[in-house]
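Now for the letters of each chain:
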Amino acid sequence: MKKVRVRLKGRPYDIVIGHGLLGKTGQFLKKLDLGKDAVVITNNRLLKLYGGALSSGLKRSGFKPAFITVPDSEKAKSIAVAASVLSRIAAHDKYKNIFLIAMGGGVVGDLTGFVASIYKRGIPYIQIPTTLLAQVDSSIGGKTAIDLPAAKNLVGAFYQPKIVISDVSVLTSLPKRRMISAMAEIIKYGVIKDSKLFGYLEKNYSNILNGNVKALESVIARSSAIKAGVVEKDEFDNKGVRATLNYGHTIGHAVEAASAYSGLYDHGESVAIGMAAAVVVSLNLKLIKPSDARRILSLIAKCGLPLDVKSIKLTKIREALSHDKKFIHGINRFILPAAIGKVRIVEDVPERIVKDAILAHLK
């Protein structure tokens, strides 16, 4: 088992990474003084696969679990679903001292964290991410949110979990597409912060995608440590440090929104397209060497991630882009690769260059 500490003043927590941790959840929670009544937010598929193991582990440690299921898609991050979950929690919460457990991917984690942040003005929650994407990214750092039709993650809060439990054994149930999708966020960490991680991915991407436990634990731990380090310096995303984590997300989120969260491109695939487009912007601004640009694009493609957008019109992507939260006072803001392991935050990129970058990956 590996452990990463997120050292936030007054709100530190651990990320534990290992094989077969789900049934031991109760042991981890006993030390946190959360109360005994656990409300688990998950979806029907995960409830059938892992609900029994989680419930048994919690009961062995004296907890009383209850389960609430939500849809297994981005559509779960809606005002309607959030309101329904809040109502069901309130109906259950009689003479209890409850806390929430998010057992699922990024959608369940975002929704649960947001609900925890607003119910009774804040109750504790923990993250049990069940996708590789959530284990390396969305479960860490306390960004919680739901979507509006205009754009993704427009309603949310910064609210830290009490612990993140990343059990690599649950990844065996993931479809291949979800494993591939997660590689986008892992590649992102190599590009923004760690050239050694990037090199490791170039040599070991097939081992990771094939479920090699050692390789998975290694990249999850390293990705978690990179994100933890960034969050520690800029918890509330107001110092410019945390913005580097958005490499690929500016255009990536626009692709998701332009597709109406239909699943045509999931989050990781959209981020991959966004990273590729950002490489084109960097090349046009002469910020990155062509050799480094080729390495980034090559690794994205080798992992089976898309480089191009199909079946979405440019006008829809640009409209979604106009709602991006990273744009300040009407000025666009992009995180652009300058080298393997280094990015720059660039504002007011000429619209022509942005348009050309999108067009370069629009098929």
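Before reading on, note that the structure itself is shown above.
In this text the structure is predicted, and so the values were computed from the model without any measurement. (Residues numbered from 1 in each chain as written. Predicted model: local features only at pLDDT ≥ 70, side-chain atom pairs only at ≥ 80, totals over all residues. Heavy atoms only, no water.)

Draft legend 1. Representation of the environment of V6. As for its placement among the helices and strands, V6 is situated in strand 1 (residues 2-6). Given a relative accessible area of 0%, V6 falls into the buried group. Note: C-alpha distance between V6 and Y50 (44 residues apart in sequence) is 27 Å. Excluding anything up to four places from it in sequence, V6 contacts R11, P12, Y13, I15, A228 and E232. (Helix = DSSP H or I, 4+ residues; strand = E, 2+ residues; numbered from the N terminus. Buried < 20%, exposed > 50% of the residue type's maximum accessible area, 1.4 Å probe, protein only. Contact = heavy atoms within 4.5 Å.)

Draft legend 2. How the structure looks around helix 4 (residues 106-118). When the terminal C-alpha atoms of helix 4 are compared, their 18 Å separation across 13 residues agrees well with the 18 Å that a helix rising 1.5 Å per residue should span. Summarising burial for helix 4: 11 of the 13 residues are buried, a large majority. All of the buried residues in helix 4 are V107, V108, G109, D110, L111, T112, G113, F114, V115, A116 and S117. Among the residues trailing helix 4, K120 stands out with phi positive, at a value near 50 degrees. (Expected span 1.5 Å × (residues − 1).)

Draft legend 3. Representation of the nonpolar core within the structure. Counting residues in hydrophobic clusters, the biggest one holds 103 residues, and the most contacted among them are L132 and I187. Counting residues per element, this core draws most heavily on helix 6 (residues 176-192), at 10 residues. Look past the residues within four positions of I187 in its chain and what remains in contact with it is F198, L201, M275, L299, I300, C303 and L305. Counting residues in hydrophobic clusters, the runner-up holds 22 residues, among them I68, V81, A82 and V107. (Core = buried A, V, L, I, M, F, W, Y, C linked by side-chain atoms within 4.5 Å.)

Draft legend 4. Seen up close, the pattern of salt bridges. A full pass over the atoms with the stated rule returns 16 salt bridges. A salt bridge links D110 to K77; the nearest nitrogen and oxygen atoms lie 2.7 Å apart. One end of the pair, D110, is in helix 4; the other, K77, is in the loop between strand 4 (64-69) and helix 3 (79-92), and 33 residues separate them in sequence. Comparing D110 with K77 shows no difference in burial state: the two are buried. For the salt bridge of D137 with K188, the shortest nitrogen-to-oxygen distance reads 3.3 Å. Of this pair, D137 sits in helix 5 (residues 132-138) while K188 sits in helix 6; the two residues are 51 residues apart in sequence, bridging distant segments of the chain. On the basis of relative accessibility, which here comes to 1%, the residue K188 falls in the buried class. In this structure, a network of salt bridges that share partners links the residues E74, K77, D110 and D147. (Salt bridge = Lys/Arg side-chain N within 4 Å of Asp/Glu carboxyl O.)

Draft legend 5. View of unusual backbone geometry. Although it is not a glycine, D33 adopts a positive phi angle of roughly 55 degrees. Locating D33 in the fold gives a position in the loop between helix 1 (25-29) and strand 3 (37-42). Positioned with a positive phi, Y95 is a non-glycine residue whose angle comes to about 55 degrees. Tracing the sequence through the fold places Y95 in the loop between helix 3 and strand 5 (98-104). Using a relative accessible area of 89% as the deciding quantity, one classes Y95 as exposed.

Draft legend 6. Layout of the side chain of T144. The residue T144 is located in strand 7 (residues 143-148) in this model. A polar contact is formed between the side chain of T144 and the backbone oxygen of A157, at a distance of 2.8 Å. (Polar contact = N/O pair within 3.5 Å; in protein donor to acceptor, adjacent residues only side chain to side chain.)

Draft legend 7. Inspection of empty space enclosed by the protein at higher detail. A complete count under the given rule lists two cavities of 30 Å³ or more for this structure. Contributing to the lining of the second largest cavity are N246, G248, H249, T250, I251, G274, A278, F334 and I335. Put simply, the parts of the chain that give the lining of the second largest cavity at least two residues each are helix 9 (249-258), helix 10 (267-284) and strand 10 (333-339). When residues in the lining of the second largest cavity are grouped by element, the largest group, three residues, is from helix 9. For the lining of the second largest cavity, the per-class residue count stands at four nonpolar, five polar and no charged. (1 Å grid on protein atoms, 1.4 Å probe; cavity = no way out; pocket = protein on both sides within 12 Å on 5 of 7 lines; lining within 4 Å. Points joined across faces, edges and corners; volume = space filled by probe spheres on them. Nonpolar A, V, L, I, M, F, W, Y, C, P; charged D, E, K, R; others polar.)

Draft legend 8. Fine view of the pairing of strand 7. The sheet contact formed by strand 7 and strand 8 (residues 151-158) spans five bridges and is antiparallel. Among the inter-strand pairings, L148 is bridged to a residue of strand 8, identified as A151. Remark: two residues form the turn of the hairpin made by strand 7 and strand 8, two consecutive strands paired antiparallel. (Pairing = 2+ DSSP bridges.)

Draft legend 9. Up close: the side chain of T42. Within the secondary structure, T42 is located in strand 3. A relative accessible area of 0% places T42 in the buried class. Not counting the four nearest positions on each side in its chain, T42 is found in contact with L47, F67, I68, T69, V70, M103 and V108.

Draft legend 10. Quick look at the packing of aromatic side chains. By the definition in use, this model includes three aromatic pairs. Over the ring of F63 we find K36, and its NZ or CZ is 4.9 Å from the ring centre. Over the face of the ring belonging to Y189 we find K188, whose NZ or CZ atom lies 4.7 Å from the ring centre. (Phe/Tyr/Trp six-rings, centres within 6.5 Å; stacked < 30°, edge-to-face > 60°. Lys NZ or Arg CZ within 6 Å of the ring centre and 35° of its normal.)

Draft legend 11. Representation of the layout of surface pockets in the model. Here the second largest pocket is characterised by a volume of approximately 170 Å³. In terms of lining residues, the second largest pocket is bounded by 13 residues, among which R11, Y159, Q160, P161 and K162 are the most central. When grouped by side-chain class, the residues that make up the lining of the second largest pocket number eight nonpolar, two polar and three charged.

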